[in-house]
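# Summary of the model geometry
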Amino acid sequence: MRIWLDGSIRDVETARVSVLDHGLTVGDGVFETVKAVGGRAFALTRHLQRLARSARGLGLPEPDLDEVRRGCEEVLVAEPVPLARLRITYTGGVSPLGSDRGTAPATLVVALDATKPRPDSTAVVTVPWTRNENGALAGLKTTSYGENVVALARAREHGATEALMANNAGLLCEGTGANVFVVVDGELLTPTLASGCLAGITRALVVDWAGAKETDLPFDVLRRADEVFVTSSLRDVQAVHRLDDRELPGAHGPVTAKAMRIFYERSAEDFDPR
């Protein structure tokens, strides 16, 4: 693995961040995960725009997006792989031991790791923990991921790859690293951003390209939905064949299949949709 750290390419053995970095000590950082295919990053412009939005929401200095893009390009050239996860991490930098930030520059890391294509369908579970749609971090992609680690571990214990959560109002929200779509009476629906879910890049493209409707959904919609699928940068559009103990015979139902096809075709036509 090759790492781009604060302006230069390094081997993973020599890429080091201070133990006093605020991203390590208190989770004061933001990040993006980008799919890279054949040395090209998909939807990179959208990802960089969201990185900047998350940084502003967390109160971090505005990242130099030209520098971030350069780091991505240099890592992609240094580490050519057919399919990869491109991870951009931007933190508060070296700071005191506590919540207060220091005066040191922010830390910027770009890393690339090979990955494998995801299967067309997966199993997911629901968990009892909720998203706080009114919290300071709602809708931001931050490195404060402890809740997701716990929820995803629960999913793995039950043979699933994702855990779906409600928000504090009892509405369907999102997964630990994916957005969720449901099909009810033939209509494609997904939670609104006001639910506290992340403004996923793939989510937005599916809404635009497949004509999904954003609406408030009770959490129990999952029990009566005809089809369910999850989306993320590495999953693209992935059907759900099992939700908790419920088998979904329509995992590749007509609406899901259409969304998968449209996303595949449109993303192939435009690798950096604006």
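To keep things clear, this report deals only with the structure shown in the data block. (Residues numbered from 1 in each chain as written. Predicted model: local features only at pLDDT ≥ 70, side-chain atom pairs only at ≥ 80, totals over all residues. Heavy atoms only, no water.)

As a further point, take the layout of surface pockets. Rolling a probe over the atoms, with the probe sized like a water molecule, indicates the empty space that remains. Approximately 990 Å³ is the volume found for the largest pocket. Lining the largest pocket are 43 residues; nearest its centre among them are Lys141, Tyr145, Asn148, Thr176 and Gly177. For the lining of the largest pocket, the secondary structure elements donating two or more residues are strand S3 (29–37), strand S5 (83–91), strand S7 (121–131), helix H4 (146–157), strand S9 (172–175), helix H5 (201–210) and strand S13 (227–232). With five residues, H4 is the single largest residue contributor to the lining of the largest pocket. Its residues assigned to classes, the lining of the largest pocket shows twelve nonpolar, 19 polar and twelve charged. (1 Å grid on protein atoms, 1.4 Å probe; cavity = no way out; pocket = protein on both sides within 12 Å on 5 of 7 lines; lining within 4 Å. Points joined across faces, edges and corners; volume = space filled by probe spheres on them. Helix = DSSP H or I, 4+ residues; strand = E, 2+ residues; numbered from the N terminus. Nonpolar A, V, L, I, M, F, W, Y, C, P; charged D, E, K, R; others polar.)

With that settled, consider the state of the cysteines. Inspection of every chain in the model, using the stated rule, returns zero disulfides. Unpaired in terms of disulfides, Cys197 finds its nearest cysteine sulfur in Cys173, a separation of 5.4 Å. (Disulfide = S-S within 2.5 Å.)

Another aspect to go through is the side chain of Ser95. Considering the arrangement of structural elements, one finds Ser95 in the loop between S5 and strand S6 (107–114). Owing to a relative accessible area of 6%, Ser95 belongs among the buried residues under this scheme. A distance of 3.2 Å separates the side chain of Ser95 from the backbone oxygen of Gly93, its partner in a polar contact. A polar side-chain atom of Ser95 sits 3.0 Å from the main-chain amide nitrogen of Gly102. Leave out the neighbours within four places in its chain, and Ser95 touches Leu20, His22, Asp100, Arg101 and Gly102. (Buried < 20%, exposed > 50% of the residue type's maximum accessible area, 1.4 Å probe, protein only. Polar contact = N/O pair within 3.5 Å; in protein donor to acceptor, adjacent residues only side chain to side chain. Contact = heavy atoms within 4.5 Å.)

Turning to the pattern of salt bridges, a few remarks are in order. Here the structure, examined in full by the defined rule, presents eleven salt bridges. Across the salt bridge formed by Asp11 and Arg2, the nearest N and O atoms sit 2.2 Å from each other. As a salt-bridge pair, Arg50 and Glu32 come within 2.7 Å of each other at their nearest N and O atoms. Taken together, the positions of Arg50 in helix H2 (residues 44–58) and Glu32 in strand S3 put the pair 18 residues apart, joining distant regions of the chain. Residue Arg50 shares its accessibility class with Glu32, and that shared class is buried. (Salt bridge = Lys/Arg side-chain N within 4 Å of Asp/Glu carboxyl O.)

Counted under the stated rule, the structure contains five aromatic pairs. Ring geometry for Phe31 versus Tyr145: centroids 5.2 Å apart, planes at 80°, classification edge-to-face. Separated by 114 residues along the polypeptide, Phe31 in strand S3 and Tyr145 in the loop between S7 and H4 bring together distant segments of the chain. Taking NZ or CZ as reference, Lys35 lies 5.2 Å from the ring centre of Phe42, over its face. Sitting over the face of the ring of Phe31, Arg87 holds its NZ or CZ atom 3.9 Å from the ring centroid. (Phe/Tyr/Trp six-rings, centres within 6.5 Å; stacked < 30°, edge-to-face > 60°. Lys NZ or Arg CZ within 6 Å of the ring centre and 35° of its normal.)

Moving on, we come to unusual backbone geometry. The phi angle at Asp185 is positive, at roughly 55°, despite the residue not being glycine. Structurally, Asp185 is set in the loop between strand S10 (179–184) and strand S11 (187–190). Judged by relative accessible area, Asp185 falls into the exposed class, the value being 75%. One non-glycine residue with positive phi stands out, namely Asp244, at about 55°.

This part covers H2. For H2, with 15 residues, the first-to-last C-alpha span of 21 Å sits near the 21 Å given by 1.5 Å per residue. Burial within H2 is extensive, with eleven of its 15 residues counted as buried. Among all positions in H2, only Leu44, Thr45, Arg46, His47, Leu48, Arg50, Leu51, Ala52, Ser54, Ala55 and Leu58 are buried. On the buried face of H2, the contacting elements are S3, strand S4 (40–41), helix H3 (65–78), S5 and H5. Gly59, located one to two residues past H2, shows a positive phi value of around 85°. (Expected span 1.5 Å × (residues − 1).)

A separate point is the nonpolar core. By size, the foremost hydrophobic cluster in this structure holds 23 residues, and its most contacted members are Leu86, Ile88 and Leu112. Of all elements in the fold, only S3, H2, H3, S5 and S6 reach the threshold of two or more residues within this core. When neighbours within four sequence positions are excluded, Ile88 is seen to be in contact with Val30, Phe31, Glu32, Val34, Leu48, Leu51, Val68, Cys72, Leu108, Val109 and Val110. (Core = buried A, V, L, I, M, F, W, Y, C linked by side-chain atoms within 4.5 Å.)

Everything listed here is a matter of coordinates, which is why it stays silent on function.
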